[in-house]
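Structural overview
As a plain string of letters, each chain reads:
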Amino acid sequence: MTGADQPSVLVVAIGNPDRGDDGFGPAVAQRLRGRVPPTARILERGGDALALIEDWDGIPSVIVIDAMAPISKPGQVHRFDLTESPLPIGFAPSSSHALGVAETVELARSLGRLPQCLLAYLVEGEQFETGVPLSPVIAAAVADVAERVLAELSTILETDGRAQHA
């Protein structure tokens with residue numbers, strides 16, 4: 001994307017809705033559709049985390065939404081600012097692919113291809129079996145994360161607007 005088609009903010013919802021709680025990202029994306037400002041774009045990504053580097057190329061702000069293996073309590077939502085720091089050990093969403101989100105972020109960092117602002121919302125999943133829906137505790141987190149992302153979008157776009165008028 002270039003020029004007028006380029007959004008100010010990209011929301012990337014990662015996951016497979018046919019694998020239980022791995023469908024968290026797409027469920028949040030569905031909840032956000034029709035509610036984000038026209039300068040934001042929602043992208044669902046099924047699992048090719050390496051493609052994120054091309055997805056966010058030239059976009060100043062990115063919010064990533066994904067599920068992760070539980071480390072404390074299923075349904076717990078974690079927000080990370082990855083602009084300056086990597087994901088803490090233990091918080092990297094597991095991936096069935098060669099590179100997951102954490103590895104992709106660090107590869108982009110080493111290549112100088114991170115967006116100016118990179119945030120991640122990760123929920124601790126409960127079950128990731130094929131053919132099952134979101135577990136109730138994860139389904140309950142969808143609305144909360146969608147509202148938090150909308151608030152982030154508002155803040156990011158307000159800050160961008162002030163920067164452009166300074």
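Anything mentioned here points back to the structure above.
This report concerns the structure included in the present document. Just so it is clear, the structure is predicted and the values come from calculations on it, not from any experiment. Per chain, residue numbering runs from 1 following the sequence as it is written. Totals for whole chains, interfaces and linings use all residues, but because this is a predicted model, local features are given only for residues with pLDDT of at least 70 and pairs of side-chain atoms are given and counted only at 80 or more. Working from all heavy atoms in the structure, the side-chain values ignore hydrogens and water.

Some thoughts on the nonpolar core
Keep this limit in mind: Residues belong to one nonpolar core when they are buried, are Ala, Val, Leu, Ile, Met, Phe, Trp, Tyr or Cys, and are joined through side-chain atoms within 4.5 Å. In this scheme, a residue with accessible area under 20% of its type's maximum is buried, one over 50% is exposed, and one in between is partly exposed, where area comes from a 1.4 Å probe on protein chains only. Strands here are runs of E lasting at least two residues and helices are runs of H or I lasting at least four, both read from the DSSP assignment and numbered beginning at the N terminus. Contacts: residue pairs with any heavy atoms within 4.5 Å of one another.
With 27 residues, the main nonpolar core has F24, L32, I65, V149 and L153 as its most contacted residues. Elements with a minimum of two residues in this core: β1 (9–14), α1 (24–32), β2 (40–45), β3 (61–68), β5 (117–124) and α4 (136–164). At nine residues, α4 tops the list of elements feeding residues into this core. Beyond its immediate chain neighbours, meaning those up to four positions away, L153 contacts V9, V11, V36, P37, A40 and I63. Within the second largest apolar cluster, 23 residues are counted, among which are V12, I59, M68 and L122.

Looking at the pattern of salt bridges
Going by this rule: Here, a salt bridge means any Lys or Arg side-chain nitrogen found within 4 Å of an Asp or Glu carboxyl oxygen.
Taken as a whole, this structure holds nine salt bridges when the rule is applied. A salt bridge links E54 to R113, with the shortest nitrogen-to-oxygen separation between them at 3.0 Å. A residue pair is termed long-range when its members are at least 10 positions apart, and E54 in helix α2 (residues 52–55) and R113 in the loop between α3 (101–111) and β5 qualify at 59 residues. Taking the relative accessible area as the measure of exposure, R113 reaches 28% and is therefore partly exposed. For the salt bridge of R113 with D57, the shortest nitrogen-to-oxygen distance reads 3.9 Å. Placement of R113 in the loop between α3 and β5 and of D57 in the loop between α2 and β3 is noted, with a sequence separation of 56 residues between them. Here D57 falls in the partly exposed class, since its relative accessible area comes to 44%. Within the structure, one salt-bridge network assembled from shared partners comprises E54, D57 and R113.

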